[in-house]
Amino acid sequence: MTRIRFPDGFEWGTATAAYQIEGAAYEDGRGLSIWDVFCKQPGRVQNGDHGDVACDHYHRMPDDVALMKSLGIQSYRFSISWPRVLPFGTPQHRRVQQPINERGIDFYSRLVDALLAAGITPCPTLYHWDLPQALQDRGGWAFRDTAAHFADYAGLMYARLGDRVERWITHNEPWVVVTYGHRVGTMAPGIAEADVAARATHHILLSHGLAVERYRAEGQGGAIGITNSNSSYEPAEADGSCDGAVELARDFDTRLYTGAVLGRGYPDSVLRHYEARGVAFPIEDGDMATIAAPTDFVGVNLYSRTRVRPADSGLGFTVAPPTLPLTPMGYERAPHALGDFVRFLSAEYERPKIYITENGVCDNTEPVDGEIDDVDRESLLRGFLEGLHRAIEDGADVRGYYLWSLLDNFEWSFGYSKRFGIVHTDYDTLQRTPKRSAGFYRDVIANNGFD
Ligand code: FCB
């Protein structure tokens with residue numbers, strides 16, 4: 001008897017992102033993205049790593065699809081590199097004869113065909129952080145026109161892939177783009193300005209809404225949603241003194257993004273925080289309704305929990321030191337976090353339809369005699385899935401789970417130093433080797449659960 005069994009029809013997938021796996025950064029007419037530029041700036045990325053080759057997925061795509069098929073993967077969440085299909089970011093760019101890069105579109109079209117032939121449901125994300133540098137040069141997400149350009153790019157992809165793709169994600173983790181890309185500056189484009197962060201928040205969410213409206217206007221019959229990053233916030237002390245800090249943390253994280261998309265507007269606490277710094281969100285008439293254009297599901301990314309306590313300055317809360325063991329990524333090993341967060345989301349927004357669009361574990365176990373015995377990954381995955389299963393039993397409407405990640409890949413500012421794959425990537429030979437956790441996941445999928 002399988003002890004933990006997920007609902008019939010629950011979908012099991014894996015997730016990746018273009019810049020983290022594709023490589024072929026200068027091939028077939030691809031334009032530069034902000035990550036190409038950021039990685040080449042000294043000191044930005046650990047070891048000076050970059051995604052020029054990454055996992056070379058661009059050339060090995062058929063083998064990677066076959067690998068997924070061999071594991072029984074049912075759905076694949078990948079991202080489309082905006083500058084690979086629109087090297088200058090917009091279909092209207094006037095300085096070039098052919099603003100649409102057909103060779104880039106062809107790659108994604110072939111990927112979709114290969115997935116469907118393998119019985120795998122494609123789930124593309126339109127923006128997983130690789131803005132065309134040409135748009136950054138004009139102001140990037142601080143610039144309102146970028147939202148309109150995003151909707152044009154989305155429209156192009158619907159037109160080319162929408163006959164075969166029925167599940168779309170607009171953005172991946174705007175919170176990370178805003179916080180690390182525009183407020184702290186440790187990720188591309190490396191800006192650390194409150195004003196730019198506020199503008200980027202609003203324009204990214206606006207671009208999401210415009211892309212959803214475009215999807216409906218074009219009569220596409222599939223589903224569309226957004227993926228937000230989350231942590232499960234917990235009070236550092238159990239005496240009630242930190243409960244306000246938990247709510248504040250949720251305001252700046254989940255409620256600012258998921259809440260706005262689900263029609264709740266921006267949290268007052270966040271607007272006040274920016275106002276106190278002389279910064280206003282550049283909201284124009286109708287924007288909040290556009291941002292709240294009805295979506296079909298909420299994408300949840302979650303890796304851990306965060307303990308918080310009140311603070312007199314900054315955001316009004318601060319992160320308390322970890323008390324649980326850490327993964328090599330520095331995240332607390334908190335198996336209960338996924339179920340807890342899903343329960344919170346379900347209660348907060350009246351039981352939305354949810355896909356877990358990322359969850360996984362950094363475990364840097366290296367091969368020994370060709371075997372990768374990543375027991376720490378497997379045990380934490382089990383814990384996450386047990387918690388998720390309990391949340392579903394308690395009534396959360398979760399339709400599927402995408403494990404991050406299929407392959408070890410380029411982990412942004414950490415370069416290649418953090419391994420999240422259930423398949424090992426040898427960065428010298430680019431050989432793929434399924435790890436112990438890949439076997440675990442294959443069995444989970446085959447049984448729709450585990451003992
Ligand atoms: C998420 C990102 C994803 C990957 C994982 C580990 O924040 O969406 O690209 O880096 O973390």
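Figured I'd write up the structure that's included with this text. Quick caveat, the model's predicted, so the values are computed rather than measured.

Quick notes on the pattern of salt bridges
Consideration 1: For the structure shown, the criterion picks out 35 salt bridges.
Consideration 2: Between Arg 110 and Asp 106 there is a salt bridge, and its shortest N-O distance comes to 3.0 Å. Of this pair, Arg 110 and Asp 106 both sit in helix α5 (residues 102-117), four residues apart, which is roughly one turn of the helix.

A few points about the layout of surface pockets
Consideration 1: Considering only enclosed or pocket space, the largest pocket measures out at about 1200 Å³ in volume.
Consideration 2: Forming the walls of the largest pocket are 50 residues, and the residues nearest its centre are Trp 175, Val 176, Tyr 180, Ser 229 and Tyr 331.
Consideration 3: At the level of elements, α8 (174-183), β6 (223-235), α10 (243-261), β7 (297-310) and β8 (317-319) are the ones that each hand at least two residues to the lining of the largest pocket.
Consideration 4: At seven residues, β7 tops the list of elements feeding residues into the lining of the largest pocket.
Consideration 5: The class makeup of the residues in the lining of the largest pocket is 29 nonpolar, 13 polar and eight charged.

Focus: the packing of aromatic side chains
Consideration 1: Under the defined criterion, the tally for this structure stands at 37 aromatic pairs.
Consideration 2: For the pair Phe 150 and Tyr 153, a centre-to-centre distance of 5.9 Å together with 70 degrees between the ring planes defines the contact as edge-to-face. Here the residue Phe 150 and the residue Tyr 153 both occupy positions in helix α7 (residues 145-161), the gap between them amounting to three residues, near one helical turn. Side by side, Phe 150 and Tyr 153 carry an identical accessibility label, which is buried.
Consideration 3: Geometrically, the ring pair formed by Tyr 158 and Tyr 215 is edge-to-face, given 4.9 Å between the ring centres and 70 degrees between the ring planes. Residue Tyr 158 is found in helix α7, and its partner Tyr 215 is found in helix α9 (residues 194-217); the two are separated by 57 residues along the sequence.

Describing the site of the ligand
Consideration 1: In the region of the ligand, the neighbouring residues are Gln 20, His 128, Trp 129, Asn 172, Glu 173, Asn 301, Tyr 303, Glu 358, Trp 404, Glu 411, Trp 412 and Phe 420.
Consideration 2: A distance of 2.8 Å is found between an oxygen atom of the ligand and a side-chain nitrogen or oxygen belonging to Glu 411.
Consideration 3: Contact between the ligand and Trp 412: an oxygen atom at 3.0 Å from a side-chain N or O atom of the residue.
Consideration 4: Here the ligand has 300 Å² of accessible area as a free molecule, and 95% of this is covered by the chains.
Consideration 5: Judged by the fraction of its atoms near the pocket grid, the ligand is located in the largest pocket.
Consideration 6: Looking at the shell around the ligand, its residues break down into five nonpolar, four polar and three charged.

Quick look at the nonpolar core
Consideration 1: Within the largest apolar cluster, 124 residues are counted, with the highest numbers of intra-cluster contacts made by Trp 35, Ile 80, Trp 168, Leu 388 and Tyr 401.
Consideration 2: If sequence neighbours within four positions are ignored, Trp 168 has contacts with Ile 80, Pro 124, Leu 126, Met 157, Tyr 158, Leu 161, Gly 162, Tyr 215, Ala 223, Ile 224, Gly 225 and Phe 297.

Some words on unusual backbone geometry
Consideration 1: In this model, Ala 188 is joined to Pro 189 through a cis peptide bond whose omega is 5 degrees.
Consideration 2: Position of Pro 189 among the secondary structure elements: in the loop between α8 and α9.
Consideration 3: Between Trp 404 and the following residue, Ser 405, the backbone shows a cis peptide bond with an omega angle of 15 degrees.
Consideration 4: Relative to the helices and strands, Ser 405 is located in the loop between β10 (397-404) and β11 (423-425).
Consideration 5: Residue Asp 28 is not a glycine yet carries a positive backbone phi of 50 degrees.
Consideration 6: Classification of Asp 28 as partly exposed rests on a relative accessible area of 30%.

Parameters at a glance
- Numbering of residues starts from 1 in each chain and follows the order in which that chain's sequence is written.
- Where local features are concerned, this predicted model is filtered to residues with pLDDT of at least 70; where side-chain atom pairs are given and counted, the filter is 80 or more; whole-chain, interface and lining totals use all residues.
- Excluding hydrogens and water, the side-chain values take into account all heavy atoms of the structure.
- In what follows, salt bridge is the name for a side-chain nitrogen of Lys or Arg lying within 4 Å of a carboxyl oxygen of Asp or Glu.
- Note on conventions: DSSP H or I runs of at least 4 residues are helices, E runs of at least 2 residues are strands, and numbering of each starts at the N terminus.
- Computed over the protein atoms alone on a 1 Å grid, cavities are sets of points where a 1.4 Å probe fits but cannot get out and pockets are open sets with protein on both sides within 12 Å along at least five of seven lines; a residue lines them when it has an atom within 4 Å of a point.
- Grid points are joined across faces, edges and corners, and a volume is the space filled by probe spheres set on the points.
- Here the nonpolar group is Ala, Val, Leu, Ile, Met, Phe, Trp, Tyr, Cys and Pro; Asp, Glu, Lys and Arg are the charged ones; every other residue, Gly included, is treated as polar.
- Aromatic rings from Phe, Tyr and Trp, with only the six-membered ring used for Trp, were paired whenever their centres fell within 6.5 Å, and each pair was classed as stacked if the ring planes differed by under 30 degrees, edge-to-face if by over 60, and tilted otherwise.
- The classification of residues rests on relative accessible area computed with a 1.4 Å probe and restricted to protein chains. Under 20% of the type maximum is buried, over 50% is exposed, and intermediate values are partly exposed.
- Any residue with a non-hydrogen atom lying within 4 Å of a molecule or strand is treated as near it.
- Between N or O atoms, a polar contact is any pair within 3.5 Å; within protein, one atom must be a potential hydrogen donor and the other a potential acceptor, and residues adjacent in sequence are included only when both atoms are from side chains.
- The Shrake-Rupley method, run with a 1.4 Å probe, gives the accessible areas here. Residue values count only the displayed protein chains as cover.
- Any molecule with more than half of its atoms within 2 Å of a cavity's or pocket's grid points is counted as sitting in it.
- What makes a nonpolar core is a set of buried Ala, Val, Leu, Ile, Met, Phe, Trp, Tyr and Cys residues whose side-chain atoms join them at distances within 4.5 Å.
- By the convention used here, residues are in contact when the closest approach between their heavy atoms is within 4.5 Å.

Read these as spatial facts, not as claims about activity.
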